[in-house]
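# Analysis of the macromolecular model
One letter stands for each residue in the lines below.
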6 protein chains.
Amino acid sequence: MPLINIRLARRDVPTSAQQKAQLIAGVTELMHKVLAKRPESVVVIIDEVDPENWGEGGEPVTAIRKRRQASTSGGGCE
Amino acid sequence: MPLINIRLARRDVPTSAQQKAQLIAGVTELMHKVLAKRPESVVVIIDEVDPENWGEGGEPVTAIRKRRQASTSGGGCE
Amino acid sequence: MPLINIRLARRDVPTSAQQKAQLIAGVTELMHKVLAKRPESVVVIIDEVDPENWGEGGEPVTAIRKRRQASTSGGGCE
Amino acid sequence: MPLINIRLARRDVPTSAQQKAQLIAGVTELMHKVLAKRPESVVVIIDEVDPENWGEGGEPVTAIRKRRQASTSGGGCE
Amino acid sequence: MPLINIRLARRDVPTSAQQKAQLIAGVTELMHKVLAKRPESVVVIIDEVDPENWGEGGEPVTAIRKRRQASTSGGGCE
Amino acid sequence: MPLINIRLARRDVPTSAQQKAQLIAGVTELMHKVLAKRPESVVVIIDEVDPENWGEGGEPVTAIRKRRQASTSGGGCE
């Protein structure tokens, strides 16, 4: 029973229910294809983390995104 | 100092404060009984996950519950 | 920067380096395809857990596998 | 690429954005100082947990804090 | 499908297979009793951590145990 | 009681007991300084992950290090 935990910094445009369903289906299929796991045995959990609570290179993602939006049209930092 | 993390898909009827207290007390007692751990050294964290973010068998729990409620009187899928 | 943690009960035939590389590549590609994540920003960690330390339905996987091998030609329980 | 996950029981006075930024900066610097990690490779995630979902010594933190506030001027239990 | 992760600092006398089975059975029963979870849906993972890798009060457990053994007949620090 | 989990890809030159003690002490002091946490309430767990089990940019760290060592005198990829 593989357990897959996906952790994402929440984006300005939230991850949609459809995208989450695609991630769940895609990861489950990958477990089946590579490790012959029964799909019904695969558990996937997606954690969406507040960008203020996610740090990269010593800064919160909120600061990184602000700087990026100021310098460019902005875009996902990840 | 054992650390116990309990992850649950949030249900339509939320887990009550009392149930959480029972889980915390029960797990702590189990650590004491089986491993002779001092109760004050046991830490329990309960994570409640949005059913849209929890996948089983390639589908989000939201889809599983919808299908289940359509076919029966419904009930916790877990 | 999505973080994906894959937890597996170690099997009698260990997961090969090649299979792990396929899981890493497959999950990274999925993040790119579904969420437009830059591949170089995706981190994947695979944890292989001793079957004695993994419980399902109230029993360690070791006990489940032993019973299964006794009753059939045996096969991955997951 | 070190991954550091900080889990905190949410306090009555929430942890400020500034404090989180200090934690992210401080942990990143520590990784650089002790393990010579490149700061841009360090990822920090802060999880704030509802005190009702956090147990110590067999009780939820909410109960511990209530008892503490009743007996003293109160203060962080952690 | 509740997921329970138990993290323990490995002790000088390792946790036995039997104790792990008791923890798995006990936690599964607790989920059924408190939350009416189907036992077959409960997954338990036990992580045993090297005491050198586990810190409490700013010190590795190895240092804490050494000091404790020097001052007393010694005993589990947790 | 803050819980800090540090996850590292195991390096060719293993992280020493002394470095781990420095990480534990440093993180504990940071919690005290920024959040006024009592040091004795801080728990730190360090997980060292096999580089074959750690993927970045779609590749296992083992492959990244091999390529890096071939092209340069080599050095920590993180």
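Residues numbered from 1 in each chain as written. Chains lettered and ligands numbered in written order. Predicted model: local features only at pLDDT ≥ 70, side-chain atom pairs only at ≥ 80, totals over all residues. Heavy atoms only, no water.

The next thing to look at is the overall build of chain A. Tallying secondary structure elements over chain A gives two helices and four strands in all. For chain A, the succession of helices and strands along the chain, N to C, is β-α-β-β-β-α. Its C-alpha atoms give chain A a radius of gyration of 16 Å, more than 25% over the compact-globule value 12 Å for 78 residues. The C-alpha extent of chain A, read off along each of the three principal axes, is 45 × 25 × 20 Å. Taking all 78 residues of chain A together, the buried fraction comes to 54%. Taking the intrachain contacts of chain A between residues at least 6 apart in sequence as the baseline, contacts between residues at least 24 apart amount to 55%. Only carbon and sulfur atoms are counted for the fraction: they give 52% of the accessible area of chain A, which is about 3,300 Å². Placing the 11 positive and 10 negative side-chain charges of chain A at their respective mean positions leaves the two points 3 Å apart. (Helix = DSSP H or I, 4+ residues; strand = E, 2+ residues; numbered from the N terminus. Rg over C-alpha atoms; globule rule 2.2 N^0.38 Å. Buried < 20%, exposed > 50% of the residue type's maximum accessible area, 1.4 Å probe, protein only. Contact = heavy atoms within 4.5 Å. Areas by Shrake-Rupley, 256 points an atom, 1.4 Å probe, with all protein chains shown as cover. Lys, Arg positive; Asp, Glu negative; His and termini not counted. Charge placed at Lys NZ, Arg CZ, Asp CG, Glu CD.)

Moving on to the UniProt feature "active site" (unreviewed entry) in chain A. Residues and elements named next belong to chain A. Residues annotated by UniProt as "active site" (unreviewed entry) correspond here to Pro2. By the secondary structure assignment, Pro2 is in the segment before strand 1 (3–9). For Pro2, a relative accessible area of 1% corresponds to the buried category. (UniProt positions renumbered as here; feature names shortened; annotations may be inferred.)

Taken as a whole, this structure holds 42 salt bridges over all chains when the rule is applied. The residue Glu48(A) makes a salt bridge to Lys20(A) at a minimum N-O spacing of 2.9 Å. A residue pair is termed long-range when its members are at least 10 positions apart, and Glu48(A) in strand 2 (residues 43–49) and Lys20(A) in helix 1 (residues 17–35) qualify at 28 residues. A salt bridge links Arg67(C) to Glu59(C), with the shortest nitrogen-to-oxygen separation between them at 2.7 Å. Under the relative-accessibility criterion, Glu59(C) is labelled partly exposed at 25%. (Salt bridge = Lys/Arg side-chain N within 4 Å of Asp/Glu carboxyl O.)

The next subject is the interface of chain B and chain A. At the interface, eleven residues of chain B touch 16 residues of chain A. Between chain B and chain A, the buried area comes to about 1,000 Å², and carbon and sulfur atoms account for 53% of it. For the pair chain B and chain A, the number of links is two salt bridges. With a shortest N-O distance of 2.8 Å, Glu52(B) and Lys20(A) are connected by a salt bridge. Within the residue set of the side of chain B that touches chain A, elements represented by two or more residues are strand 3 (54–56) and strand 4 (59–60) of chain B. Sorting elements by how many residues they give to the side of chain B that touches chain A places strand 3 of chain B first, with three residues. Of the residues in the side of chain B that touches chain A, the class split is three nonpolar, four polar and four charged. Where strand 2 of chain A meets strand 3 of chain B, three bridges bridge the pair, whose relative direction is antiparallel. By the bridge assignment, Val44(A) is partnered in strand 3 of chain B with Gly55(B). (Buried area = accessible area lost by both parts, 1.4 Å probe. Nonpolar A, V, L, I, M, F, W, Y, C, P; charged D, E, K, R; others polar. Pairing = 2+ DSSP bridges.)

Time to look at helix 2 (residues 61–71) of chain D. All names here are of chain D. All of the buried residues in helix 2 are Val61, Ile64 and Arg65. Buried residues of helix 2, viewed axially, fall in a sector of 95°; they line one side. Residues of helix 2 that are exposed and point over 90 degrees away from its buried face: Lys66, Ala70 and Ser71. Considering only its buried residues, helix 2 is in contact with strand 1 (3–9), strand 3 (54–56) and strand 4 (59–60). (Arc of directions from axis to C-beta.)

Turning to the sheet that holds strand 2 (residues 43–49) of chain B, a few remarks are in order. The pairing of strands in a sheet comes from backbone hydrogen bonds and takes either a parallel or an antiparallel form. Pairing is mixed in the open sheet, where eight strands are placed in the order 4(C)-3(C)-2(E)-1(E)-1(B)-2(B)-3(D)-4(D). Sheet topology places strand 4 (59–60) of chain C together with strand 4 of chain D at the edges, where each strand pairs with a single neighbour. Relative to strand 4 of chain C, strand 3 (residues 54–56) of chain C is paired through two bridges, and the arrangement is antiparallel. Considered in strand 4 of chain C, the bridge of Glu56(C) is made with Glu59(C). Each of strand 1 (3–9) and strand 2 of chain B, strand 3 and strand 4 of chain D together with strand 1 (3–9) of chain E is contacted by helix 1 (residues 17–35) of chain B, which is oriented at about 140° to strand 2 of chain B, the strand it contacts most. (Axes fitted to C-alpha atoms, helices over the stretch in contact; angles between N-to-C directions.)

Right, let's get into the confidence of the model for chain A. Chain-level statistics for chain A give a pLDDT mean of 92 and a share of 92% at 70 or above. Low pLDDT (under 50) marks residues 74–78 of chain A, which in the prediction has 19 contacts with non-local residues, meaning those over four places away or in another chain. (pLDDT = per-residue confidence, 0-100.)

Turning our eyes to something else, we now look at the relation of the copies chain A and chain C. A rotation about some axis, followed by a shift along it, carries one copy of the chain onto the other. When chain A is fitted onto chain C, the two copies agree to an RMSD of 0.0 Å after a turn of 180° and an axial shift of 0.0 Å. The operation mapping one copy onto its partner corresponds to a two-fold rotation axis. Rotation axis and chain A: the residue whose C-alpha lies nearest the axis is Asn5(A), separated from it by 2.5 Å. When the interface residues of chain A are mapped onto chain C, 100% of them are again interface residues, pointing to one common binding face. (Least-squares fit on C-alpha atoms with pLDDT ≥ 70 in both.)

With that out of the way, let us pick up the interface of chain A and chain C. On the side of chain C, 26 residues touch chain A, which itself brings 26 residues to the contact. When the two sides are added together, the surface that chain A and chain C hide from each other amounts to roughly 2,400 Å², 63% of it contributed by carbon and sulfur. Here chain A and chain C share zero salt bridges between them. Connecting chain A to chain C are seven residue pairs in polar contact (both at pLDDT 80 or more). (Polar contact = N/O pair within 3.5 Å; in protein donor to acceptor, adjacent residues only side chain to side chain.)

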